[in-house]
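Analysis of the macromolecular model
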Amino acid sequence: MDRRKFLGLGLTAAALVPATLSAVDFRETQPKTWEATTTADAIKGLYGDVQLIEESVTIKAPKLAENGGAIPVFIKSDLEAKSVALFQDANPRSAVAVFTVPKGGIIDYGVKIKMRKTGKITAVVEGKNGKFYSKVLPVEVSIGGCGG
Amino acid sequence: MKVKAKLKDDVVKVKVLAKHVNAGPEEAEKKKIDANFIKQVVAKCNNKVVFEMSGSGFISKNPLFKFKFKGAAKGDELEVTWTDLKGNTKSKVAKVK
């Protein structure tokens, strides 16, 4: 059995095991998302074929990031949401992080991410009303992070 | 790991600084280390999950997470736990100030 198949089996097995923490582990429940190379595929892997509405979500990130190894990204929204996902198209794989919004949670997340080159950051908010909201923001990177 | 939680106008602002190499497969190969990154972060306060995130190797080294939540008073304990790809976990309890 080659290594790739073996890893694949491991992922399937992990998906069947209930999460040890009470939380949702998107790495285990949605393994396809994390392997996707494009943002569109990653969104498809996570949420399925959905229509994205470009409103009600804001991303704050530097226009020009000097250090691609740590780009501060802030996602904000006033929507009632179930989850928030963050993607970019500069790295080998697209998905960066998925946040689960707890009941009554405030969507105001900040995280530092890596980008190999200039690219676009996409945030998708899964609303409680079943609609999906998104925002795309281009970021210029002068020195690539993530081993680039 | 460092955790700071500050209460202001009903909203608790939290900053979490985790110490971790956070290297994806490509980066690990270049640095000749094993790929390992924080795959999940969970924060609990008063037995309620207030923050949870599934991560990837594209979150920066020694990552910094910021989030806000409601429904805590001064002195409440906030417990932040991360789990990485190799199954290591680390927890830290901080009081809401």
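Quick note: structure is the one above.
Residues numbered from 1 in each chain as written. Chains lettered and ligands numbered in written order. Predicted model: local features only at pLDDT ≥ 70, side-chain atom pairs only at ≥ 80, totals over all residues. Heavy atoms only, no water.

**Let's talk about the layout of surface pockets**
One simple way to see leftover space: roll a probe sized like a water molecule over the atoms. Note the cut-off: Cavity means a closed set of points on a 1 Å grid over the protein atoms alone, one where a 1.4 Å probe fits but cannot get out, pocket means an open set with protein on both sides within 12 Å along at least 5 of 7 lines, and lining means a residue has an atom within 4 Å of a point. Grid points are joined across faces, edges and corners, and a volume is the space filled by probe spheres set on the points. For the purposes of this entry, the term helix denotes a DSSP run of H or I that reaches at least four residues, the term strand denotes a run of E that reaches at least two, and both are numbered from the N terminus. Under the scheme applied here, ten amino acids are nonpolar (Ala, Val, Leu, Ile, Met, Phe, Trp, Tyr, Cys and Pro), four are charged (Asp, Glu, Lys and Arg), and all others, including Gly, are polar.
Here the second largest pocket defines a volume of roughly 390 Å³. Taken together, 16 residues make up the lining of the second largest pocket; nearest its centre are K4, K6, K13, V14 and K15 of chain B. Those elements that provide at least two residues to the lining of the second largest pocket are β4 (71–77) of chain A together with β1 (2–8), β2 (11–17), β5 (64–70) and β7 (89–95) of chain B. Of the residues contributing to the lining of the second largest pocket, the split by class is six nonpolar, no polar and ten charged.

**Structural notes on the interface of chain A and chain B**
We apply this condition: Any two residues having at least one pair of non-hydrogen atoms within 4.5 Å are treated as being in contact. What gets called buried area is simply the loss in accessible area from a 1.4 Å probe that two parts show on being joined, summed for both. Only one rule defines a salt bridge in this text: a Lys or Arg side-chain nitrogen within 4 Å of an Asp or Glu carboxyl oxygen. Strands qualify as paired when DSSP identifies two bridges or more between them.
Contact residues are listed per partner, giving 35 residues for chain A and 33 residues for chain B. Of the roughly 2800 Å² buried where chain A meets chain B, counting both sides, 55% is carbon and sulfur surface. Here chain A is connected to chain B by one salt bridge. Of all the secondary structure elements, the ones that give two or more residues to the side of chain A that touches chain B are α2 (26–29), β6 (95–100) and β7 (107–113) of chain A. Of the strand pairs in this sheet, β6 of chain A and strand β4 (residues 48–54) of chain B are connected by three bridges, and their pairing is antiparallel. Across the sheet, the residue bridging to T100 of chain A is E52 of chain B, located in β4 of chain B.

**What about the side chain of S60 of chain B?**
Put simply, the test is: Throughout this description, buried means an accessible area under 20% of the type-specific maximum (1.4 Å probe, protein chains only), exposed means over 50%, and partly exposed covers the range between.
Residue placement: S60 of chain B occurs in the loop between β4 and β5. A relative accessible area of 2% places S60 of chain B in the buried class. The residues touching S60 of chain B, leaving out its near neighbours within four places in the chain, are G69, A70, K112, I113 and K114 of chain A together with N22 of chain B.

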